[in-house]
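# Structure at a glance
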Amino acid sequence: DAEWNQHLFTFLELEHQRVQDFGASLTDRLASISVEEGRIDRVSAGANVWFGNGFGVFLNGSGFDSEITDGPGDGSLPLVPDWLANAGVSWVHPAQIKVTLSETVIGERLSEVDGDELDAVPITNFSIEWQPWDKHLDISLDAINLLDQDFDLAEGIPAAGRTVILSGHVRF
C-alpha cells in the first residue's frame, strides 16, 4: 500500500493459494464441478484518487494463473478467470452516505474441468450506503448487474439477472 499524497492511494498484492477438494455445486446441474488439488496465483494492483467535494474514482485489476495439480483434468481450474478488472466513481457525503457506480469485467474462464472457455463479461453495479451513529449501523442498497447483462456462470448455467439487495449490519 502507498499513500502518495492526500489524493492518491495505490496498492499491489501478490497471493498464492494451494487448493484441496475444490468444488462447486451449481443450481440446475446434476454433477458438481470438482478438482482434487490445484493452485491459484494472483497479482492485483489498483489506485484510488480523491478529487475533493466527496468525489473519488477507483481502478483495480487482477491477473490469475491457476492449475490443476492432482486429479482428473489438466490445465486451469474451472470458474477461475484469467483476469478481473473493476473501476468506478464514488461520492461520499459528510452524513456518512456513499453512492457508488462501478463496472466489473470478469475475464475468460473455464466452464468446467477441461470444459469450454466462457467469454469475458462486463457487469455494471450501483450502491448506496449509509453509516450513521459513528458507523455502528450500516444500511446499504445494492443493484448488481444493473443493466441485466446475460452471461453464464458455467456452461448452460445462466447467472442471475439484475439483482437488488437491501442489507443492514450493526457493529458493537
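Residues numbered from 1 in each chain as written. Predicted model: local features only at pLDDT ≥ 70, side-chain atom pairs only at ≥ 80, totals over all residues. Heavy atoms only, no water.

## Here's the deal with a negative patch on the surface
Using the following cut-off: Patch definition: residues above 30% relative accessible area lacking any salt bridge, with like charges linked at up to 9 Å and the nonpolar side chains Val, Leu, Ile, Met, Phe, Trp and Tyr linked at up to 5 Å. All accessibility values rest on the Shrake-Rupley procedure with a 1.4 Å probe; residue burial counts only the protein chains present in the view. When a carboxyl oxygen of Asp or Glu is within 4 Å of a side-chain nitrogen of Lys or Arg, the pair counts as a salt bridge. Counted as positive: Lys and Arg. Counted as negative: Asp and Glu. His and the chain ends are not counted at all. A single reference atom marks each charge: NZ on Lys, CZ on Arg, CG on Asp, CD on Glu. We count a stretch as a helix when DSSP gives it H or I for four or more residues in a row; a strand needs E for two or more, and each element gets its number in order from the N terminus. Burial status follows relative accessibility: with a 1.4 Å probe on protein chains alone, a residue under 20% of its type maximum counts as buried, one over 50% as exposed, and anything between as partly exposed.
A contiguous patch of negative charge, built from D21, E36, E37 and D70, is present on the exposed surface. Mapped onto the secondary structure, D21 falls in strand 2 (residues 8–24). A relative accessible area of 66% places D21 in the exposed class.

## With respect to a nonpolar patch on the surface
A cluster of nonpolar side chains, contributed by F51, F55, V57, V89, L101, F126, I128, W130, I139, L141, V164 and L166, occupies part of the molecular surface with about 1,000 Å² of accessible area. Breaking the nonpolar patch down by element, the ones donating at least two residues are strand 4 (55–70), strand 9 (121–130), strand 10 (137–144) and strand 13 (163–170). Per-element accounting of the nonpolar patch gives the leading share, 3 residues, to strand 9. Summarising the element assignment, I139 is placed in strand 10. The partly exposed category is assigned to I139, whose relative accessible area is 32%.

## Notes on the pairing of strand 10
Each regular strand shows side chains that alternate between the opposite faces of the sheet. The criterion, for reference: In this scheme, strands are said to pair when DSSP sees at least two bridges between them.
Alignment of strand 9 against strand 10, held across 5 bridges, turns out to be antiparallel. The residue of strand 10 that forms the bridge with E129 is S140. Across 8 bridges, strand 10 lies against strand 13 in antiparallel orientation. Pairing of L137 across the sheet is with V170, part of strand 13.

## What about the side chain of S102?
The condition is simple: Only heavy atoms enter the contact rule, under which two residues are in contact if any of them lie within 4.5 Å.
By secondary structure assignment, the location of S102 is in strand 6 (residues 97–106). Beyond its immediate sequence surroundings of up to four residues, S102 is in contact with F58, N86, A87, G88, I123, T124 and N125.

## Focus on the sheet that holds strand 2
Adjacent strands of a sheet pair through backbone hydrogen bonds, lying either parallel or antiparallel. An order of 1-2-3-4-5-6-9-10-13 is seen for the 9 strands of this open sheet, with the pairing classed as antiparallel. Both outer strands of the open sheet, strand 1 (2–3) and strand 13, are each paired with one neighbouring strand and no more. As judged from the 10 bridges shared by strand 5 (residues 83–93) and strand 6, these two strands associate in the antiparallel manner. Bridged to N86 within strand 6 is T104.

## Quick notes on the side chain of S140
Note the following rule: Contacts described as polar in this section are N or O atom pairs within 3.5 Å, which, within protein, must combine one atom able to donate a hydrogen with one able to accept it, while residues neighboring in sequence count only if both atoms come from side chains.
Assignment of secondary structure puts S140 in strand 10. A polar atom in the side chain of S140 sits 2.8 Å from the side chain of S167. Apart from the residues lying within four places of it in its own chain, the contact partners of S140 are I128, E129, I165, L166 and S167.

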